[in-house]
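Read off the chains here:
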Amino acid sequence: MICIPITASKKKEALHAIERSCRLADFIELRMDLIEDGSLAELISTARDNSSLIKIIVTCRKKEEAAPAGRTAGIKNAGEKTIDRKIALLKEAIELGADFVDIELTEGRAAIKELQSFCAKHRGKTKIIVSYHNFKETPALTKLKEIFHQCAKAKPAIVKIVTFAKTAEDNLETLSLISYARKHSPKIISLCMGDKGRISRAVAPLLGNYLSFATLEREGQSAPGQFTVWEMKQFKKFFIGRRSASLTPALFLRKASPQNYVLLGNPVGQSLSPLMHNAALKKMGIAENYSAFCVQDLGSAIQGIRGMNIRGASVTIPFKVAVMEYLDDIDDDALEIGAVNTIINNNGRLTGCNTDWLGLILTLQEAMPVKGKTFVIIGAGGTARAAAYGIMKEGGFPVIANRTPEKGKILSNKLNCPFYPLAEIGKIKADCLINTTPVGMYPHNDKSPVKASALGGYKYVMDVIYNPLKTKLLKDAEKQGCHIFSGVDMFVNQGAQQLRLWRGKEPPLVLMKKVILERLNKIE
Ligand code: NAP
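Residues numbered from 1 in each chain as written. Predicted model: local features only at pLDDT ≥ 70, side-chain atom pairs only at ≥ 80, totals over all residues. Heavy atoms only, no water.

S.K.: How should I be thinking about unusual backbone geometry in this particular structure?
M.R.: With glycine set apart, most residues show a phi of negative sign, and most peptide bonds adopt trans. Asn266 connects to Pro267 through a cis peptide bond whose omega is 5°. Note that Pro267 resides in the loop between strand E10 (259-265) and helix H10 (273-283). Here the bond from Ile317 into Pro318 is cis, since omega is 5°, no more than 30 degrees from zero. The topology assignment puts Pro318 in the loop between strand E12 (312-315) and strand E13 (329-330). Unlike most non-glycine residues, Asn309 shows phi in positive territory, near 55°. Topologically, Asn309 is positioned in the loop between helix H11 (298-307) and E12. (Helix = DSSP H or I, 4+ residues; strand = E, 2+ residues; numbered from the N terminus.)

Here's what the structure looks like:
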C-alpha cells in the first residue's frame, strides 16, 4: 500500500495535495510539523470528502526525527512544537477520527500510553504507530531488532523503523528486519532513506512491508530517497508482472480484436457514444469498431484493454475518478481536473486524459470569448471541475454554486474563486451560467436547477445535458433572451478530441453532430 505524506506548509497547497493524493494512494500522512496554517479538522474532512477509502495518519515529527535541511527538496519546517502541544494535536486527531496517529519511540513510554488510553476512550477507532527515525546511519540488524522490540512493547498497531543508508548493504539490514518483524504481532514498516536506500523502498513491499511512502512530485519529499507515486506503481507492476509491456511482449503482439475502442461505464445502455464514434470512424475510412461495455469490475475491464490490445477507451459515470489508479500515466489536464474520460493504449502503456474541459471550452468559444468573462458553474462534481479548469486556463473567472455547500467550498477553495449556495444563485452577477448537474436530464425534463426569474441577468446560458436537446433551463433562458448552448456540442467536441488523440486525424465534426441530432430528435 502507498502512503503520500502531505508536506506543503500553506493550507491551500496542502488541501490541493490531499485531494490529489486521495485519488492515487491508500494512505495519506498529515505532517503537522510541516503544515503551518491548516486546521486539522479541515484537512481530515477534505480527505474524507475526496475518498471514503483513504486511511489518514496524523503525525507531528520531532525535529531530531525529521529530515534535516538540505536532505529533501522543497520542504519547509514550520518550527518544532512542544511535547504538550504535540500530544494535544494527536489527541485532536483521535477525536476527529484519524485512522492512525504516529508517535516516536523517543517521546517516551508515558506519552505513548497517554495516547493509547485516549484512543480507547474514543472507541479505539484510531490506532497507534510507534516510530523510530535515524537520519545518520542504519544500525546493524541485532540493534534494529532491539529497537523493534522496544517499539512493539507498547503494543501499537504498526512499528515503523526508518534509517539512513550509507552503503547499499544497509538495505539488507532493514529488509531483513521485515521478515523478522512479521513473525511478531505489530505490522512493520522498515526501510532505508537516502539515495543508497532506494533499493529498500522498491523491494520492501514484496517482503510484506506494510506501507511504502511516495511523493506526488519530485519536490516535496518528506524523507530523502522517496520515489514518486507513479514510480512506486511502476515497481509494483514490474515486480508483480501484472501489466508491464516489456515483461509480456507476446500479449501485446496479438492481432487486434475487432473491438478497437470501448466505452467503460455503468450504465451505458443510453449512451450515444457508439453511434457517434462508429459513424466518424467509417467516414474517416478506418475499419475499426467502438462498443459500449457495462462494467462490473473496473480492474478486469482495464486488464481487458491491455490483453485485447484495444486502442483506446472512453470512460463515463461512475468510473472517471476510480479509473486513474489503474493507469500508467495521467496527463497534466486530467491530473489537475482529477478525472479521466479518455484512455490511450500505446503498446500496453495506458495514458489517461480528459477531453470534457476542451469539449466545453470549444463550445463556448464558438459564440463568446472566455477570456475576462465570469461564469457561474452550477455543481461541484467532475464536469464542474473540468469546466472550471478550462475556463481558468482560457483566462475566464469561475464562480461555484452548489447544492451541498461543503462540496462547493472544497472546489472553490481549490480554485481560489467565489462560492455561493445554490439557493443564493440569484445574488450572483456574471456573463454566463453553466449547468453541470444532471437536473433536467431525461426523463426529468420538467426540472431545472434554477428558477426562470434568476436567468434574466445572463447573456449566455449553457447546459451540459444533451438529452433532451433543449432542457427546461435552456427553454427558460431562451425566453429571457439569453444565447443558449446545449450539451450536444460539448458532447461532439469531447468525442472529436478523443478521436484526435487515438488516431491523430481530424474527425468529421459535422457528421458526428448530425447523427446525434437525428437520434435525439427521434427520441423526442
Ligand atoms: P457528478 O460528479 O456526480 O456531479 C454532479 C453534481 O450535480 C454535484 O455537484 C451534485 O451536487 C449536483 N447535483 C446532483 N443532483 C442535484 C440536484 N437534484 N440538485 C442540485 N444539484 C444536484 O457528475 P458529473 O460527472 O459532473 O456529470 C454531471 C452531468 O454532466 C451528467 O448529467 C453528465 O451526463 C453530464 N456530462 C455531459 C457531458 C457532455 O459531453 N455533454 C460530458 C460530461 C458530463 P452535490 O455536490 O450537492 O451532490
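From this point, things continue past the structure.
S.K.: Can you walk me through the site of the ligand in this structure?
M.R.: Close to the ligand lie 23 residues; Ala380, Thr383, Asn402, Thr404 and Val464 are nearest. A distance of 2.7 Å is found between a nitrogen atom of the ligand and a backbone nitrogen or oxygen belonging to Val464. When the ligand sits alone it has 940 Å² of accessible area, and the protein chains cover 77% of it. Elements with a contribution of two residues or more to the shell around the ligand: helix H14 (382-393) and helix H17 (487-503). At four residues, H17 tops the list of elements feeding residues into the shell around the ligand. For the shell around the ligand, a count of residues per class yields nine nonpolar, ten polar and four charged. (Near = heavy atom within 4 Å. Polar contact = N/O pair within 3.5 Å; in protein donor to acceptor, adjacent residues only side chain to side chain. Areas by Shrake-Rupley, 256 points an atom, 1.4 Å probe, with all protein chains shown as cover. Nonpolar A, V, L, I, M, F, W, Y, C, P; charged D, E, K, R; others polar.)

S.K.: Got a minute to help me understand the sheet that holds strand E16 (residues 374-378) in this structure?
M.R.: Backbone-to-backbone hydrogen bonds join strands into a sheet, with any given pair of strands oriented parallel or antiparallel. One open sheet accounts for six strands, arranged E18-E17-E16-E19-E20-E21; its pairing is parallel. A single partner strand is all that each edge strand has here, and the edge strands are strand E18 (419-421) and strand E21 (483-485). Strand-to-strand twist in this sheet, taken as the mean axis angle between neighbours without regard to direction, amounts to 20°. Looking at chain direction, E16 and strand E17 (residues 397-402) are connected through five bridges and run parallel. For Thr374, the partnering residue across the bridge sits in E17 and is Phe397. Sitting on the sheet, helix H15 (residues 405-415) is in contact with E17 and E18, with an inclination near 165° to E17. Where helix H16 (residues 472-479) meets the sheet, it contacts strand E19 (432-435), strand E20 (460-463) and E21, and its direction lies at approximately 165° from that of E20. (Pairing = 2+ DSSP bridges. Axes fitted to C-alpha atoms, helices over the stretch in contact; angles between N-to-C directions. Contact = heavy atoms within 4.5 Å.)

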